[in-house]
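Observations on the model geometry
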Amino acid sequence: MDKIWLLSKVTYKEGVRNRILLGIVFIAVIFSAFNLVFSQMFAHDLSKVSVDLGLSTVSLAGLAIIFFMGINLLARDFEKRTIYMVLARPMARWQYVLGKYFGLALMVGTAVAILGIVVAGGVKLSMIMAPQHIPANYSWKIFILAICFNYLGLMTLTAMAQLFTCLTNSSFIALLVTACSYFIGQNVELVRKGFLEEGDVNPAYYHLIKIVTWIFPNLQAFDMKTAAGYGLVLEPLALLWTAIYAICYIGIILMLTILVFQRRELS
Amino acid sequence: MAIEIEKLTKRYRKCQRSDRPAVDALDLNVKKGEVFGFLGPNGAGKSTVIKILMDFIRPSSGTASINGTPSSNPEGRRKIGYLPENPFFYDHLTAEEVLSFGGKANYMKGRHLTQCIDELLSRLKLSHAKKQRLRTYSKGMVQRTGLALALIHNPEICILDEPMSGLDPLGRRLVADLIMDMRRNGQTVFFSSHILSDIERVCDRVGILNRGRLLFCGDLKKNISANQSLEDFFVQLIEKDERKFDG
């Protein structure tokens, strides 16, 4: 466990000192300021627009961090052979996979926490400017939960990005496959509902979609923007199952990554 | 034995069509406390052997062990210091942080680790830059940081892949002196190099590899006549083997 933590710290330091991360956070802060102006243009549901835009900013910035930094940090280890510095130590490959993953999780978590605070400030300001539009049941707890589940979704994607980086030699291919997985993950629930619940579907399509829904994560499940915007009540049991789903999915993907990485040649 | 290699063969997938293994049934032993030079032309298979010893790649057949522990066991690397050819580190870390990581990963702690880092950085003339991020380092400084990382835990066995590459004459002298010190301390050094004069200066024994096969392994003083240099010996050996290979 010590070695995993040691590598996590190194990965985290390397990540947070990178200017790309600062750039992404800076752009997200500008987006939040823009949110203040933009949400005032709406006559109705002003708070909903503000919360929606705020949470979308966190989500987009998180994605940018995974795509442009996370994958780069992972792939650089193979491309530049910085991995030799780590694996020349008495460190097993599974410890390397977990250390890297938790380091990235810390890095994305820090960025999401900073952005969450900035975005919450923006939402609060827009609510002060237009108090009549605040939904009756609006709850900051649900807002925080929405950010936490957004983070869980990002962690699921990070695990997939790590798997794809281990599978391929190119960071570009890993980025492309991770992006495709993200889009499939975002729409898999929609497609499942559209096709499978309709009943009248070609059996080949039916099976294909079923397989896809089993393989790719349902990232839509982590999206709680609507609930946060309108202050809708969330069922604790549903939340618990969503969290368990994420943890299990991440666990399976990490196990697969370890299996792949154990066999990988670092020449 | 510090390093034992038996019938080691490595075929890369891309080489399978040509049917020529990168390393071909290699048998090699390195005794404890000796400085062993691993020589060979480019593509001879030196780095492949070193990567198998470090478990970065897996052999197609045969075995490699260090201090009696199979190279595939990560705990076997506890007493090994490794310097890769053209080392790269995390750009945004400082030399001090990299060495601290290396030491802690090798079970070093607290004041003893800090002391070792300071001593080693001072010895490798990097003290002034220890708080500087590695991205600002010159090639020679990166190479010396790599060496410091390999030596931070005072390893019993040092495996150095081209330790002199990228260093100016002063840096090369520094590395050669370090290797001599390691020999005096009873540490085993296994290193590959193209710089034959350095090999001649510091090695007890050498192994010469060509096309993945060991052409020579032994004591230089006993096998090279007084009026022959290592370079002549090396060139003759390789040319003879190439002629044999070409038919």
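Residue positions are given per chain, counted from 1 along the sequence in the order it is written. A letter from A marks each chain and a number from 1 marks each ligand, given out in the order of writing. pLDDT decides what is reported in this predicted model: residues at 70 or higher carry local features, side-chain atom pairs at 80 or more are listed and counted, and totals for whole chains, interfaces and linings draw on all residues regardless.

Notes on the overall build of chain A
A tally of helices and strands in chain A yields ten helices and zero strands. We compute the radius of gyration from the C-alpha atoms alone; for a globule the expected value is 2.2 Å times N to the 0.38, where N is the number of residues. Rg of the C-alpha trace for chain A: 20 Å, near the compact-globule value of 18 Å for 267 residues, within the 12% margin. Seen through its principal axes, chain A has C-alpha atoms that stretch 65 × 50 × 30 Å. For chain A, the residues scored as buried account for 40% of the 267 residues in total. Each residue gets a C-beta atom placed from its backbone, and two residues are in contact if those atoms lie within 7 Å. For chain A, the proportion of contacts with a sequence separation of at least 24, taken over those separated by at least 6, is 85%. Helix and strand definitions follow DSSP, with helices as H or I runs of at least four residues and strands as E runs of at least two, each counted in order from the N terminus. Once C-beta atoms are placed from the backbone, each residue is buried if 20 or more other C-beta atoms lie within 10 Å of its own, exposed if 12 or fewer, and partly exposed for counts between those two.

A few points about the pairing of strand β9 (residues 205–210) of chain B
Each regular strand shows side chains that alternate between the opposite faces of the sheet. Residues and elements named next belong to chain B. With five of six residues buried, β9 is to be regarded as a mostly interior element. A pair of strands is considered paired only if DSSP assigns at least 2 bridges between the two. Sheet topology places strand β3 (residues 35–39) next to β9; four bridges connect them, and they run parallel. The partner of Leu 39 across the bridge, within β9, is Ile 208. Linking β9 to strand β10 (residues 213–219), which pair antiparallel, is a turn of two residues; within it Arg 211 sits at a positive phi near 50°.

What about the confidence of the model for chain B?
Residue-level confidence of the predictor is what pLDDT reports, using numbers from 0 through 100. Per-chain confidence: chain B averages 86 in pLDDT, with 98% of residues scoring 70 or above. For this predicted complex, the interface score ipTM comes out at 0.87, while the overall pTM is 0.88.

What to know about the interface of chain A and chain B
Facing 21 residues of chain A, the contacting portion of chain B comprises 23 residues. Within the residue set of the side of chain A that touches chain B, elements represented by two or more residues are α1 (2–16) and α4 (83–87) of chain A. Among the elements that make up the side of chain A that touches chain B, the one with the highest residue count is α1(A) (five residues). Each residue gets one of three labels, nonpolar for Ala, Val, Leu, Ile, Met, Phe, Trp, Tyr, Cys and Pro, charged for Asp, Glu, Lys and Arg, and polar for the others, Gly among them. Here the side of chain A that touches chain B is built from residues that sort into ten nonpolar, three polar and eight charged.

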